[in-house]
Amino acid sequence: MEAKFTPGPWLVRFGNIGHVKAENGALIAKCQRLTSLCNLQANAHLIAASPELYAALSRIESIIEGAFPNLNDGEAMREARAALAKARGETPEP
């Protein structure tokens, strides 16, 4: 299934709030300072990396399915598929 989120790259901009924006300037997320500046920066960078992380995990999943079919039912593949499904909004929030 195709992901429907705003395509990357996403960029981090810091001021009083860490903004994560799409390349076209669209606001993706605001990371507020909850505990420390380090947390704010780390959260913003993790969010900004999401499109690349999604693409890399999707590619790894495809490679393993094609080249290593015996690994398709392993725990790591189940976790990867669950993470990709969550990113696409296919799993209910707890």
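See above for the structure.
Now for a look at the structure at hand. No experiment lies behind these values; they were computed from the predicted model shown.

With respect to the pairing of strand β2 (residues 18–22)
Reasoning step 1: The side-chain alternation of β2 yields one buried face, formed by Gly18, Val20 and Ala22, and one unburied face, formed by His19 and Lys21.
Reasoning step 2: Relative to β2, strand β1 (residues 10–14) runs antiparallel, the two being bridged by five bridges. Directly across from Arg13, in β2, lies its bridge partner His19.
Reasoning step 3: With four bridges joining them, β2 and strand β3 (residues 27–31) adopt antiparallel strand pairing. Considered in β3, the bridge of Lys21 is made with Leu27.
Reasoning step 4: Between the antiparallel neighbours β2 and β3 lie four residues, among them Gly25 with a positive phi of about 95°.

Remarks on the sheet that holds β3
Reasoning step 1: An order of β1-β2-β3 is seen for the three strands of this open sheet, with the pairing classed as antiparallel. Among the strands making up the open sheet, the edge pair consists of β1 and β3. On average, each strand axis in the sheet is tilted by 20° relative to the strand beside it, whichever way the strands run.

A few points about the packing of aromatic side chains
Reasoning step 1: For the structure shown, the criterion picks out two aromatic pairs.
Reasoning step 2: Note on Phe5 and Trp10: the rings are 6.3 Å apart at their centroids and 80° apart in plane angle, and the pair reads as edge-to-face.
Reasoning step 3: By relative accessible area, which is 30% here, Phe5 ends up partly exposed.
Reasoning step 4: Trp10 gets classed as buried once you look at its relative accessible area, which sits at 12%.
Reasoning step 5: Geometrically, the ring pair formed by Phe5 and Tyr54 is edge-to-face, given 5.2 Å between the ring centres and 85° between the ring planes. Of this pair, Phe5 sits in the segment before β1 while Tyr54 is found in helix α2 (residues 50–67), placing the two residues 49 residues apart along the sequence.
Reasoning step 6: By way of ring pairs, the aromatic residues Phe5, Trp10 and Tyr54 are connected into one cluster.

Section: unusual backbone geometry
Reasoning step 1: Put simply, Gly8 and Pro9 share a cis peptide bond, and its omega is 5°.
Reasoning step 2: Of note, Pro9 is situated in the segment before β1.

Rules and cut-offs
- Residues numbered from 1 in each chain as written.
- Predicted model: local features only at pLDDT ≥ 70, side-chain atom pairs only at ≥ 80, totals over all residues.
- Heavy atoms only, no water.
- Buried < 20%, exposed > 50% of the residue type's maximum accessible area, 1.4 Å probe, protein only.
- Helix = DSSP H or I, 4+ residues; strand = E, 2+ residues; numbered from the N terminus.
- Pairing = 2+ DSSP bridges.
- Axes fitted to C-alpha atoms, helices over the stretch in contact; angles between N-to-C directions.
- Phe/Tyr/Trp six-rings, centres within 6.5 Å; stacked < 30°, edge-to-face > 60°.

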